[in-house]
Amino acid sequence: MAEPKLRVLMVSDFFFPNFGGVENHIYYLSQCLLNLGHKVVVMTHAYGNRSGVRYMTGGLKVYYVPWRPFTMQNTFPTVYGTLPIVRTILKRERITVVHGHQAFSTLCHEALMHARTMGYRVVFTDHSLYGFADVGSIHMNKVLQFTLADIDQAICVSHTSKENTVLRSGLAPGKVFMIPNAVDTAMFKPADVRPSSDDVITIVVISRLVYRKGADLLVEVIPEVCRLYPNVRFVVGGDGPKHVRLEEMREKHSLQDRVEMLGAVPHSRVRSVLVTGHIFLNSSLTEAFCIAILEAASCGLLTVSTRVGGVLPDDMVVLAEPDPDDMVRAIEKAISILPSINPEEMHNRMKKLYSWQDVAKRTEIVYDRALKCSNRNLLERLSRFLSCGAWAGKVFCMVMIIDYLLWRLLQLLQPDDDIEEAPDINFCN
Amino acid sequence: MVSSCLSYKRYTYIHENENEPTRGAIDIHHVIINGSRVTGYARLWWLAFFLVGLAIIMYFLLGKDNPVRTLSWSCLLSGFFVMIQSRKFVKKESVIIMPTFGIQLETQYLSGKTVSRFIPIGKILKPVLVECVTPVTCYWSLSLFLRGEEQLTLVFKELRPSLKMLVPIWKALCAVSGTDQREMMTEEEHVVAG
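Keep in mind it's a predicted model, so treat the numbers as computed, not measured.

**Here's the deal with the overall build of chain A**
Looking only at helices and strands, one finds 14 helices and 16 strands in chain A. Counting only C-alpha atoms, chain A reaches 75 × 55 × 40 Å along its principal axes. Burial analysis of chain A (429 residues in total) assigns 57% to the buried set. The contacts of chain A with a sequence gap of at least 6 include a subset with a gap of at least 24, amounting to 73%. Per element, the accessible surface of chain A, about 18300 Å² overall, is 56% carbon and sulfur. Charge centroids of chain A, computed over 46 positive and 45 negative side chains, lie 5 Å from each other.

Have a look at this one:
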């Protein structure tokens, strides 16, 4: 096998067997990069008994490092504790680029800091939007500012996310690339026989029933639409604290036969729920990138959505303000244009527009750009941190100096040559 | 007679085999820590010196007026350190392969004590090379799947020789346990995280 062009280490607290958007993103991106001929290794914390080295499809090597998670699947932040294992993995696998995911991951921040100290190229991808006002967000943003002060390149998943990240971290916008997420179009296909829209029009909602996902809007919108259109029924999948409000709404307006509540829907069953509908309704107040609407469009549903990050082409979506009356108007418009929608054609367009292969190629360009960045010595890097704030800048500098000294100490105790390189195992299909 | 000798970093690997290997010939693999006995004893002296120093510091810190408390803390700490260190004075680990009969795993300590374990050939299912990940490091180790045991059995319990030294020993163990190496590689190719 030819020597891989790039050797990438993906670092995040969030990976399989945990399930979510970030985990999916890392997995699909890694698979496509492997297909392009690069070597990809993933580093995450151990999940229960799942500890040590595992190989996934295509030869994707995953290090489940036995650091205990302490809250919301995050590794306990020890600042310097992960330096030895990160150094060992970087040397063993002969890594050239380190790619961290998700601002909320402590392992990601620590690994990026250590990688920069040791002179590796680092890239960071932010997947979520965060606030500015509450205490948690303020601290998180400071940590992000520290990590991104010294980064080579950053990636965001939508323009909304890029604005949010740049504001929170003070990073130069020119360093931030926008690469949207993609959807697994092979899994999300339209139904073979489309349900007829002559008698009953089915509107599907699948989301967590929380405030941020606009569950309160649904409580206003659903009864109004049911009143205006007697032939419309709703299917609501998902669970959460606002479930009670939706049940109350059903009782109050006697909509038990017109609003079906499915409860929590596992991801493997999402497609089977989507294909029973004609229209997909998304009422999120804010999202960095709404993959749910991509999945719905891939299944051939017309989408009605609020203006969240990652929006579809104009003819596949009807946009609305997060206001009940405007959403009802949007649903009316969607119902009127429903006969002209061709699910197969929509699915084929989604295949071209949102594919993981495209995301991987664009990420490759970001890696190449990162590799071209010049390597700065410690003093130049420290000057970048000083601009982060009056007190914060000095604290960040101290942290980096101690990290640098600890790295040198480790090199004395265990020289670089002592770390044996792991052979690349070929997986032929 | 010594058929190959390889020295790498802290360890030396010695392979003893018959001149013309006949069927049933015993195959011995040693992994020896580099450095003489002196190095091992020097470590012991440094440790004693450190403990005495610690005891003196504790005496002055905890107050001269309570020697009993000082003494008991010193004993506790020194006992703890000695316990940790005494396990590590290994001189050599060996694998003696007796085809159709079994294998013997031996650990020889600096004090002359030898601990050995015999594993009959019928009990060995498969020898495997595993990457072990700890919170601070990652290293290769050679282990055995044994019939009736849930946990893997480490071939080298104390030492961590490099992959270069482990591969010939793994191949010899595969040959004696009847595992096809090509089949081992194919099986690894189809492993999906589960």
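**Details of the pattern of salt bridges**
Residue and element names in this part refer to chain A. Following the criterion strictly, the structure yields 25 salt bridges over all chains and no others. Across the salt bridge formed by Arg87 and Asp416, the nearest N and O atoms sit 2.6 Å from each other. In this pair, Arg87 sits in helix α2 (residues 83-92) while Asp416 sits in the segment after α14 (390-413), placing the two residues 329 residues apart along the sequence. The buried category is assigned to Arg87, whose relative accessible area is 2%. Across the pair Arg307 and Glu321 runs a salt bridge whose closest N-O atoms are separated by 2.9 Å.

**Regarding the interface of chain B and chain A**
With 20 residues of chain B at the interface, the matching set in chain A holds 27 residues. Summed over both sides, the interface of chain B with chain A buries roughly 1900 Å², with 57% coming from carbon and sulfur. Across the contact surface, chain B and chain A share two salt bridges. In this structure, the salt-bridge partner of Glu131(B) is Lys61(A), at a minimum N-O distance of 2.9 Å. Where the side of chain B that touches chain A is concerned, the elements lending two or more residues are β7 (124-133), β8 (138-146), α3 (163-177) and α4 (181-189) of chain B. Element by element, the count of residues in the side of chain B that touches chain A is highest for α4(B), at three residues.

**As for α2(A)**
All names here are of chain A. Among the 10 residues in α2, eight count as buried, and that is most of the element. For α2, the full list of buried residues reads Leu83, Ile85, Val86, Arg87, Thr88, Ile89, Leu90 and Arg92. Backbone geometry just downstream of α2 places Arg94 in the positive-phi region, at approximately 50°.

**Digging into the sheet that holds β7(B)**
Pairing is antiparallel across the open sheet formed by three strands, whose spatial order is β7-β8-β9 (chain B). The open sheet has two edge strands, β7 and β9 (153-154) of chain B, and neither has a second partner. Alignment of β8(B) against β9(B), held across two bridges, turns out to be antiparallel. By the bridge assignment, Leu144(B) is partnered in β9(B) with Thr153(B). Along the sheet face, α2(A) touches β7 and β8 of chain B and points at about 85° away from the line of β8(B). Packing of α3(B) onto the sheet brings it into contact with β7 and β8 of chain B, and relative to β7(B) it is tilted by some 160°.

**Concerning the UniProt feature "domain: PIGA GPI anchor biosynthesis" (unreviewed entry) in chain A**
Mapped onto the present numbering, the UniProt feature "domain: PIGA GPI anchor biosynthesis" (unreviewed entry) falls at residues 45-134 of chain A. The distance separating the terminal C-alpha atoms of residues 45-134 of chain A is 28 Å; by composition the span is 24% helix and 31% strand.

**Overview of the pairing of strand β2 (residues 11-16) of chain B**
Residues and elements named next belong to chain B. Counting buried residues along β2, five of its six residues qualify, which places the element largely inside the surrounding structure. Relative to strand β3 (residues 27-33), β2 runs antiparallel, the two being bridged by six bridges. Across the sheet, residue Glu16 finds its bridge partner in β3, namely Ile28.

**Quick notes on helix α7 (residues 243-252) of chain A**
All names here are of chain A. Turning to α7, its buried residues number three or more, namely Leu246, Met249 and Arg250. Taken around the axis of α7, the buried residues stretch over an arc of 100°, which confines them to a single face. Along α7, exposed side chains directed more than 90 degrees from the buried face belong to Glu248, Glu251 and Lys252. Buried-residue contacts for α7 involve α6 (215-228), β12 (232-237) and β13 (259-263). Phi turns positive one or two residues past the end of α7, at Ser254, with a value near 50°.

**Quick word on the layout of surface pockets**
Residue and element names in this part refer to chain A. What the largest pocket holds in volume is close to 1600 Å³. Lining the largest pocket are 48 residues, and of these Gly20, Gly21, Arg208, Arg212 and Lys213 sit closest to its centre. Of the residues forming the lining of the largest pocket, the biggest block, four residues, is contributed by helix α1 (residues 21-35). Of the residues in the lining of the largest pocket, the class split is 21 nonpolar, 19 polar and eight charged. Counting residues domain by domain, the lining of the largest pocket receives three or more from each of domain 1 (7-182 + 357-418) and domain 2 (201-353).

**Brief notes about the side chain of Ser305(A)**
All names here are of chain A. Tracing the sequence through the fold places Ser305 in strand β15 (residues 302-306). Separated by 3.2 Å, the side chains of Ser305 and Asn282 make a polar contact. In contact with Ser305, not counting residues within four places along its chain, are Asn282, Ile293, Val317, Val318, Leu319 and Ala320.

**A word on the pairing of strand β14 (residues 279-282) of chain A**
Residues and elements named next belong to chain A. Side chains Ile279 and Leu281 project from β14 onto one buried face, and the interleaved Phe280 and Asn282 project onto a second face that is buried too. Judged from the two bridges that link them, strand β11 (residues 201-206) and β14 form a sheet pairing that is parallel. Bridge pairing in β14 places Val204 opposite Phe280. Between the parallel elements β14 and β15, the chain passes through helix α9 (residues 291-298) in a crossover that is right-handed.

**Looking at the domain arrangement of chain A**
All names here are of chain A. According to the domain assignment, chain A contains domain 1 (7-182 + 357-418) and domain 2 (201-353). Its C-alpha centre places domain 1 at a distance of 35 Å from the equivalent point of domain 2. Each side of the interface is counted separately: domain 1 has 12 residues, and domain 2 has nine residues. Interface area, domain 1 with domain 2, both sides summed: about 730 Å², of which 68% is carbon and sulfur. Here domain 1 and domain 2 share zero salt bridges between them.

Calculation notes
Residues numbered from 1 in each chain as written. Chains lettered and ligands numbered in written order. Predicted model: local features only at pLDDT ≥ 70, side-chain atom pairs only at ≥ 80, totals over all residues. Heavy atoms only, no water. Helix = DSSP H or I, 4+ residues; strand = E, 2+ residues; numbered from the N terminus. Buried < 20%, exposed > 50% of the residue type's maximum accessible area, 1.4 Å probe, protein only. Contact = heavy atoms within 4.5 Å. Areas by Shrake-Rupley, 256 points an atom, 1.4 Å probe, with all protein chains shown as cover. Lys, Arg positive; Asp, Glu negative; His and termini not counted. Charge placed at Lys NZ, Arg CZ, Asp CG, Glu CD. Salt bridge = Lys/Arg side-chain N within 4 Å of Asp/Glu carboxyl O. Buried area = accessible area lost by both parts, 1.4 Å probe. Pairing = 2+ DSSP bridges. Axes fitted to C-alpha atoms, helices over the stretch in contact; angles between N-to-C directions. UniProt positions renumbered as here; feature names shortened; annotations may be inferred. Arc of directions from axis to C-beta. 1 Å grid on protein atoms, 1.4 Å probe; cavity = no way out; pocket = protein on both sides within 12 Å on 5 of 7 lines; lining within 4 Å. Points joined across faces, edges and corners; volume = space filled by probe spheres on them. Nonpolar A, V, L, I, M, F, W, Y, C, P; charged D, E, K, R; others polar. Domains from an automatic or database assignment. Polar contact = N/O pair within 3.5 Å; in protein donor to acceptor, adjacent residues only side chain to side chain. Right-handed = clockwise from strand over helix to strand, strands pointing away.

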